[in-house]
Amino acid sequence: MSALTEIDADAGERLHQELARLGQELATGEIDQTRARELLDRGHQMLASGFEQGAPAPALVHGRTRLLDHLLSAVWQQFLGPCADCLSLIAVGGYGRGELHPFSDIDLLILLPEQPPGEWTGRVETLVGFLWDSGLEIGHAVRNLDECRQEATADLTTITNLTESRLIAGNQSLFQAMQEATSPDHMWDSRTFFEAKWEEQQQRHRKYHGTAYELEPNVKESPGGLRDIQMIGWVAKRHFRARGLPDLVDHAFLTEHEYHSLMDGQHFLWRVRFAMHLLTGRHEDRLLFDHQLSLARHFGFEDKGANLAVEQFMQLYYRQIKRLGRLNEMLLQLFEENILHAGGDETPVPINKRFQARRGYLEVTHEKVFERYPFALMEIFLVLQQNPWLKGVRASTIRLIRQHRKLIDDDFRNDIRTRSLFMEILRQPHGITHVLRRMNRYGILARYLPAFGQIVGRMQFDLFHAYTVDQHTLFVVRNLRRVTVPEHYHEYPLCSDVMARIPKPELLYLAGLFHDIAKGRGGDHSVLGAIDARDFCLHHGLSAHDSELVAWLVEQHLLMSKTAQRRDITDPDEIHEFACKVGSQVRLDYLFLLTVADMRGTNPQLLNSWKFSLLSELYQAAGEALKRGLENPVNPAEWVQENQQEALARLEQDGYDKARARELWLSFPDEYFLRNQPEDIAWETGQIMAHDSDGPLVRVRADTERGSMTLLLYTPDRDYLFGLVMAVVNQLGLTVEEARINSTTNGYALDTYIVLEESGEPVTTEWRTGEIEQTLTSAISDPEPSDFRVNRRMPRRIRAFTTPTQVSFSQDEINSRTVLELVTGDRPGLLSHVGRIFEQHDIRVHTAKIATLGERAEDVFYISDTRQQPLDDPERQQRLREALREALDQEQTS
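Right, let's walk through the structure included here.

Rules used in this analysis
Residues numbered from 1 in each chain as written. Predicted model: local features only at pLDDT ≥ 70, side-chain atom pairs only at ≥ 80, totals over all residues. Heavy atoms only, no water. 1 Å grid on protein atoms, 1.4 Å probe; cavity = no way out; pocket = protein on both sides within 12 Å on 5 of 7 lines; lining within 4 Å. Points joined across faces, edges and corners; volume = space filled by probe spheres on them. Helix = DSSP H or I, 4+ residues; strand = E, 2+ residues; numbered from the N terminus. Nonpolar A, V, L, I, M, F, W, Y, C, P; charged D, E, K, R; others polar. Buried < 20%, exposed > 50% of the residue type's maximum accessible area, 1.4 Å probe, protein only. Core = buried A, V, L, I, M, F, W, Y, C linked by side-chain atoms within 4.5 Å. Contact = heavy atoms within 4.5 Å. Salt bridge = Lys/Arg side-chain N within 4 Å of Asp/Glu carboxyl O. Pairing = 2+ DSSP bridges. Axes fitted to C-alpha atoms, helices over the stretch in contact; angles between N-to-C directions.

As for the layout of surface pockets
- If you add up the space inside the second largest pocket, you get close to 1,300 Å³.
- Lining the second largest pocket we find 42 residues, and of these Q460, D462, H465, R856 and E858 sit closest to its centre.
- At the level of elements, helix 26 (525–539), helix 28 (559–566), helix 30 (585–600) and strand 17 (856–865) are the ones that each hand at least two residues to the lining of the second largest pocket.
- A per-element tally of the lining of the second largest pocket places helix 28 first, with four residues.
- Along the lines of polarity and charge, the residues of the lining of the second largest pocket split into 13 nonpolar, 16 polar and 13 charged.

Thoughts on helix 25 (residues 505–514)
- Most of helix 25 is tucked away: nine of the ten residues are buried.
- Where helix 25 is concerned, the buried positions are E506, L507, L508, Y509, L510, A511, G512, L513 and F514.

What about unusual backbone geometry?
- You will see that W188, though not glycine, has its phi angle at about 45 degrees, which is positive.
- Locating W188 in the fold gives a position in the loop between helix 8 (172–181) and helix 9 (190–207).

A closer look at the nonpolar core
- The biggest cluster of nonpolar side chains holds 225 residues, and the ones touching the most others in it are F335, F370, F422, L510 and F592.
- Element by element, the count of residues in this core is highest for helix 14 (residues 309–340), at 16 residues.
- The residues contacting F370, other than those within four sequence positions of it, are F355, V364, A376, L377, I380, T397, L400, I401, H404 and L407.
- Residues Y720, L724, L776 and L820 belong to the second largest nonpolar core, which totals 47 residues.

A look at the pattern of salt bridges
- One pass over the full model with this rule turns up 61 salt bridges.
- With its nearest N and O atoms 3.9 Å apart, the salt bridge here joins K237 to E164. Note that K237 is positioned in helix 10 (residues 226–240) and E164 in the loop between helix 7 (156–163) and strand 4 (166–170), a separation of 73 residues in sequence. Here K237 matches E164 in class, with each residue buried.
- Within this structure, R566, R567, E574, E821, R856 and E858 form a network of salt bridges that share partners.

Considerations on the sheet that holds strand 1 (residues 88–91)
- Strand order in the open sheet formed by four strands is 3-2-1-4, with mixed pairing between adjacent strands. Only two strands of the sheet have a single partner each, and these edge strands are strand 3 (138–144) and strand 4. Strand after strand, the sheet turns through a mean of 25 degrees between neighbouring axes, direction not considered.
- Bridge count for strand 1 against strand 4 is four bridges, and the pairing is antiparallel. Note on strand 4: the bridge partner recorded for S88 is G170.
- Against the sheet, helix 5 (residues 120–133) touches strand 2 (106–112) and strand 3, its axis set at about 165 degrees to strand 3.

Set out below in structure tokens:
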């Protein structure tokens, strides 16, 4: 257990007694600003100490409320004098609920009678000024009864605040008159109020992308957060005239177990929020990365091998808000059925002997269905798929599902009916994504697949993985399903065409479900997940061949993305090696679709047009290699000749002299023609031929088909050219995806860079293109550009992470290159810094594959020494490794 869940009731009682004594002090003697500040500071220290000692969350938030009540009651009498009993001092909002954290808003309403005493204005102004000067940040409104009525009638937020108002001091009768005037009998009846608040919640959830699993969630506003609990309380108070959530048990809207689950979740979030306020010294509801690290340490979590303390803390957090989200969904549906649909047609529509529909919602035919037929816990989801007219599941049946989840045990998993039902769900033509999400929400998927239960709420503490592992997994399945829908054909036409050829889509969905299922266990999650996938498939009646295909997909699910992003896929040998690993067109089809769905579901920015073009080119090139036969690899000389011939035809068509082009090409290395497409060779050759100066040539071309921009550089070669170009490009706010560096025999650098805007989009305007060309030309033309520095600030999110620099070497024997793989923390100017170190160690870059994975840079450089020889001396490799580590790690921590 951690300090987050270890509660000391005695600490809560001690805190209560200390605050009570402080309240007695506040009730005696006059209070000036000095004394008010001193008493508030003492109270804050008592609360902080109580928190450290493990006082229950209610003792903390209610204790802060009582402290403010004591102070405000005392100063109300002191400053209002004879007006104190004529006016009402009312707490509203969170203060009205009695839920104050160390730096919560303190919202007050000062309610006036119809004919207030003449001196009230000056006294209220003095009181408000005193409170501000005492260090309290209050929000206050001064209104009479008619003004309250008008504001509450017109504004949802106002009526919500008044619904949970509470008298602190002053005129009781006036306060009661306000409560009556704003009651459902006079405005905002329960139906209107519920509809408005439900729409408000849906809008709020959309603001957070409909998920509680944001990388930096808002404890209060995100789905499953405190606001969702408050939503239940608001509706209960308006509809049932309830005083609080316990009354819902009396009205049979909550079971005792559900009520305690709701309270446990609320107290958990209160404790987290209280800690954030103490940690930051301000009102803070966002669980930012640096807060997550501090809170994990504060609550006593410790790293356990690969399972980081912060990931343990956040998994506990995500699981808690998931449970709260389920309760919120179920209770609001109960409210909907009782408030919006009360008195409607209740005639059930039979579906089978276990299920029926009522008002478009699926329900069991009797309360003993799951007890008598446990397999119905799986069947209900297939019924939903096969009856798309159904709007969902009735809240009473959701409750029964929750109560009977314990029936899902080994006997349940071994039941042939259950296994058949699960596979039938995956083979349905519609509704797979929605049903799997619903199974996850109801806790059925985690029960049926215990390994899936281990990844529920599991986050990876980085910027690359935008979602928890379970949510990412379901996004992957959604993305696979999406390419089967004709309405989405325009998104990825190639994927839709490939999907249409897949003989058994359910195998792909199983690979999607299992590809990350072993995350967090330690070891290679791909290998461990493949074992789970193979066992599951065989257990569910799949053939050995199909089971092996699913297991292979899980084990190799990163192969294609790594090859496309980190290897030189213009190299025929790389294509041949990849095709050999895949082995068949069928496997290639499945792997391509799984890779696209996986990248698309990792974070919204990962799969841009450029990266998809890399995957597509690798898919098509590997397909051609498989069709040609793995025993017949492409001849590099033939490839060079074919590319030259096609490029010459394009040049001639555009009016260029073929003979002059051939003459120019005599100085180009064969590698250039091997690694570039004919259309790129033709355009670049034409630009060089049209350049009538000995100075540097810098040209930019948008490649709309690949969703990228090519930056051509043709200039007399010089030291530190790569680092200089990287510095300028980074300062311009561009990201480099790939670099191809060539040296001609006449002393020129012939370099092409694939660049994008920081948003991941290509450059689109002529003004921007001109800026890039002019800035680079100016920098390259400067004979002494060594002082060029990147002065862009590091983003806040990246500053929360430190990635130790890793450098590894391997040899590309065929091309006489050394492959340097660099993993380090991303930052502005990184590639410029790397280029400077390369220059200091006499290293030439020939090709670079740049990959930014959140806060991590994972870059691959194909390098040689200045004599075009590979770096095969271990001592020299070690010197370069140490130089990179020392410089880059020092820069991260400075």
